[in-house]
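Listed here are the chains, written in short residue letters.
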Amino acid sequence: MTATTIPGLDSAPTTHQGLLTWVRETAELTQPARIEWVDGSPEEWTRITDLLVDNGTFVRLNDAKKPNSFWCASDPTDVARVEDRTFICSRDPKDAGATNNWMDPDDMKAIMVERFRDSMRGRTMYVLPYCMGPLDADEPMLGAEITDSAYVVASMHIMTRLGSKALELFTKDGVEQTFVPGLHSIGAPLEAGAKDAAWPCNDTKYIVHFPEERLIWSYGSGYGGNALLGKKCYSLRIASVKARDEGWLAEHMLIAKVTSPEGVEKYIAAAFPSACGKTNLAMLEPTLPGWKVETIGDDIAWIRIGEDGRFYAVNPENGFFGVAPGTDYHTNPNAMRTIEKGGSIFTNVALTDDGDIWWEGIGEAPDHLTSWKQQDWSPEGSELAAHPNSRYCTPIHQCDTRAPEWDDPKGVPLDAIFFGGRRRDTVPLVTEARDWQHGVFMGATLSSETTAAATGAVGVVRRDPMAMLPFIGYNAGDYFAHWIATGKGADADKLPKIFYVNWFRRDENGAFTWPGFGENIRVIKWALERIAGTAAAVDTPIGRVPTPEAIDTDGLDMSDEHLRASLAVDVEEWRAELPLIEEWFDKIGAALPSTMRDELAALRQRLDG
Ligand code: GTP
Ligand code: SPV
Ligand code: MN
């Protein structure tokens, strides 16, 4: 079939020649049965979700419990990001660096073109124009995804500013604007008369970025960060390259507004690796009376330096794609209230017999469930009902705690940046960096146990710089240099203060030493008091940590022993980190800024001193 005979090609609602040419060429390559231009309307949501129900991909939830919401189970092999199949195909391998998979872009394209050839046969090819970040930004950050997955269409309805309003911006002021093209295919052509799978995908997966071309090609997976290309692929991997070139930062960070009982408003951002607490902190319900936390973003921050020299952060997303297990009215009541309102997609959680959702940590299990593997499940069995990386996908506009300025194109001025990881030992509850460069060192050497958010072993400690290991679109050494340069370019007293936190330290019985969640406001309070110059700290070899008295423990139900254990800096444990940091720096190689080695040498000296 030549593309001109594919239904839908002629009905393009745009005159943008670049977009039209790309759509036509992609249709000729992938040979879909029809083409649909996605408009992002509520009618379209209804039509697409109905289609997904008819196809057996979605189960409509009980309207009385979760209105306009859907349960979905993926193929059991397609449940998380695939880091070993994710590539940065820069022209020069040096530009991908030691932390990314690399292949020559021409070689990669030759392989992938054969994968994409005829890959949409029998399917609908959807064209999704979208905008990451506010539509009224000076430079709207446009993208277009071509996909053969209706699940992706429904999810992008929630996660991005999708459809007609974004498409209008493609020809803003009569000028054809640039956009990031993302081609996605699940790699499962549907032969005539064949019955479709509920979650079609391919055993072979490629998640590929061409940074110089600002281009994304994704094949074989329908899941989350592999397939919703506006999220990690665009807003982190491609955006980080653009940010390097233009002097800003694209980071894996939540953004929140914190108001004290005195009414002082501060903005914070925090980078924690996947499944390490961003969404929970972004929606935190403070246990300290009078404190208020409002949500601006829960996963990604684009940070630009304003005319006044401060760091302004914008959330490019429009919804939450949050980890379900562990979420309940005690840990994250605001997430619960958000999803209760409906319009949500639940992937790989369990389904109750009365058409509601369930997961580990949401309360007592009913006697019978349909597990994420679509099997009968009862509490007596040993299998998990929900996959550990099961997710809710829900619109940000129905989150009661969203800050009024959440979609201000200017962004919000950051007062503090928190780096954090999941470590059962070594890393104390909170440490304040001495200065910007020391803070960058803390971020660059951040370590965390791997989680179910990516395929592979769980619980293995690895370096995850700025929580960006799987998302830096270029050389990690250059990325650290960019962080240092960004700080140098800004007014020193306007720089956000940097802190390093760990909610996940454990005692000898394996229990968390710190209660976490809503109690984390106590740590934020200390950090903001440090900025104001009113809280006490002790200087340790790794940075400044609170004295136990400096943490507000009013009304906190926890032993003094656990508090001290949370805050402890154990010199021997930190000495054991040194060779690991050394090894990590050796891996990064020549691109590592010498200041990072200086920081390591200084840390070593302080630990020995
Ligand atoms: P991604 O969406 O994958 O980027 O994860 P995230 O960083 O947003 O993590 P999220 O807030 O969803 O938390 C991941 C898991 O950690 C969930 O099971 C939470 O219940 C748990 N968690 C979050 N905050 C805390 C905390 O302060 N203490 C403890 N013990 N667990 C926490
Ligand atoms: C993460 O893994 O950091 C996520 C989920 O937020 S995904 O969208 O799959 O990247
Ligand atoms: Mn999250």
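Residues numbered from 1 in each chain as written. Chains lettered and ligands numbered in written order. Predicted model: local features only at pLDDT ≥ 70, side-chain atom pairs only at ≥ 80, totals over all residues. Heavy atoms only, no water.

Where an unreviewed UniProt entry is consulted, the chain appears under the name Phosphoenolpyruvate carboxykinase [GTP], with the organism given as Jatrophihabitans endophyticus. Quoted verbatim from the Subunit (unreviewed entry) field of UniProt, the annotation for the chain is "Monomer." Recorded in UniProt for the chain, the comment headed Catalytic activity (unreviewed entry) runs: "oxaloacetate + GTP = phosphoenolpyruvate + GDP + CO2". (UniProt positions renumbered as here; feature names shortened; annotations may be inferred.)

A. Broad picture of the sheet that holds strand E16 (residues 311-314). The 4 strands are arranged E11-E15-E16-E24 in an open sheet whose pairing can be described as antiparallel. Each edge of the open sheet carries a strand with a single partner, namely strand E11 (249-251) and strand E24 (412-413). Where E11 meets strand E15 (residues 301-305), 3 bridges bridge the pair, whose relative direction is antiparallel. Residue pairing across strands places Ala250 opposite Trp302, the latter belonging to E15. Across the sheet, helix H11 (residues 476-489) touches E11, E15 and E16, and the angle it forms with E11 is around 120°. (Pairing = 2+ DSSP bridges. Helix = DSSP H or I, 4+ residues; strand = E, 2+ residues; numbered from the N terminus. Contact = heavy atoms within 4.5 Å. Axes fitted to C-alpha atoms, helices over the stretch in contact; angles between N-to-C directions.)

B. Fine view of unusual backbone geometry. In this structure, Arg214 is a non-glycine residue whose phi angle is positive, near 55°. In this fold, Arg214 is placed in the loop between strand E9 (206-210) and strand E10 (215-219). Despite not being glycine, Thr426 has its phi angle at roughly 65°, a positive value. Within the secondary structure, Thr426 sits in the loop between strand E25 (416-420) and strand E26 (430-432). According to the relative accessible area criterion, Thr426 is buried, its value standing at 3%. (Buried < 20%, exposed > 50% of the residue type's maximum accessible area, 1.4 Å probe, protein only.)

C. Local environment of the pairing of E9. E9 sits mainly inside the fold: 5 of its 5 residues count as buried. The alternating pattern of E9 places Tyr206, Val208 and Phe210 on one face and Ile207 and His209 on the opposite face, and all of these are buried. Sheet analysis places strand E4 (residues 86-88) next to E9, joined by 3 bridges and oriented parallel. Directly across from Phe87, in E9, lies its bridge partner Val208. Taken together, the 5 bridges between E9 and E10 define a ladder with antiparallel strand orientation. When the bridges of E10 are listed, Tyr206 appears paired with Tyr219.

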